[in-house]
Amino acid sequence: MNNKVIEIVDCADDCCYTAEVHSLFLSRNVNSIDEYLLIAKLKNEICCNPIQVNHFYDLNIRYLLFNKNKEFLISIERAQIKSFDQNTIIFLVDKDYSVPSLHPKIFTWIENKLAERYPVEAWKQLDKHNKYLWLRLNCYFYQSGIYDYPDKKNDEYVIDGFLCTSKLDFLCELGEVLFGINGYVGSDLDGLYDALRGGMGVSFNGARIIWDNHHYPKIKMGNDFNRVVDTIKSTGYVKLILN
């Protein structure tokens, strides 16, 4: 991981203050289920002391990570400064005003993903809620343009049924098989349909997905198994083979 930079934008006065970040992490605000404390440990003093920010509310935070000469941005709106000293700023942030959605592991996930520290199928250890957040984060990776998404037409891909006990498992596994650890083909079946129909700018025309050991997820997934199968077949672009 290369430089990490935080920018604090005072929307009222249209001013921006910048500093290099040593670490950035979240802690839940015990006084509100909708808010987090965002704690920024700075490598050096911020260019302009936050005391000079006239408005301690309505701040936008831009957290920039630079990896392989590419920029990855996390944007948080409507933040407030709770406290600060020379090298630490604590913000109060609303989880609904950030991209991607905030949760306690978000910065660790992003830095580890960018640095390619995660093993294959790391998502398998997550619970249902965090698997969904993993998919949404992969969506944000896709939207950032930091990775290439080449066409997949006329190619063949194998999904291991023993890894798929839920719809989210299937979406995590398929995205990873197609595009690697940060791969994304939707976080729900509507998104999967759009992706396989070319909505991501990737052609899947003539691709074949082989679902090995499909009898296992057919039992575990219940009706969701049929919904996944129907979604893929309805695209008209991808051939699904159940082994």
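Refer to the structure above for everything that follows.
All values derive from a computational prediction rather than experimental measurement. (Residues numbered from 1 in each chain as written. Predicted model: local features only at pLDDT ≥ 70, side-chain atom pairs only at ≥ 80, totals over all residues. Heavy atoms only, no water.)

Visitor: Got a minute to help me understand the environment of F91 in this structure?
Guide: Along the chain, the position of F91 falls in strand β6 (residues 88-94). For the pair formed by F91 and I61, sequence separation is 30 residues and the distance between their alpha carbons is 9.5 Å. (Helix = DSSP H or I, 4+ residues; strand = E, 2+ residues; numbered from the N terminus.)

Visitor: Which parts of the structure should I look at to understand the packing of aromatic side chains?
Guide: Describing an aromatic ring pair means giving the distance of the ring centres and the angle of the ring planes. The tally for this structure, following the rule as stated, stands at 10 aromatic pairs. Aromatic pair F170 and W211: ring centres 4.7 Å apart, planes at 40°, arrangement tilted. Of this pair, F170 sits in helix α3 (residues 167-179) while W211 is found in strand β9 (residues 208-212), placing the two residues 41 residues apart along the sequence. Judged on exposure class, the residue F170 and its partner W211 are both buried. Chaining the aromatic ring pairs together yields one cluster made of Y142, Y149, F179, Y184 and F204. (Phe/Tyr/Trp six-rings, centres within 6.5 Å; stacked < 30°, edge-to-face > 60°. Buried < 20%, exposed > 50% of the residue type's maximum accessible area, 1.4 Å probe, protein only.)

Visitor: Where do I start with the pattern of salt bridges in this structure?
Guide: Opposite charge on two side chains lets them pair, provided their charged atoms get close. Under the counting rule described, the total for this entry stands at five salt bridges. We note a salt bridge from K131 to D169, for which the minimum N-O separation is 2.6 Å. Linking K131 in helix α2 (residues 128-144) with D169 in helix α3, this pair joins segments that are 38 residues apart in sequence. Here E156 makes a salt bridge to R208, at a shortest N to O gap of 3.2 Å. Pair noted here: E156 is in strand β8 (residues 156-160) and R208 is in strand β9, with a separation of 52 residues, a long-range link. (Salt bridge = Lys/Arg side-chain N within 4 Å of Asp/Glu carboxyl O.)

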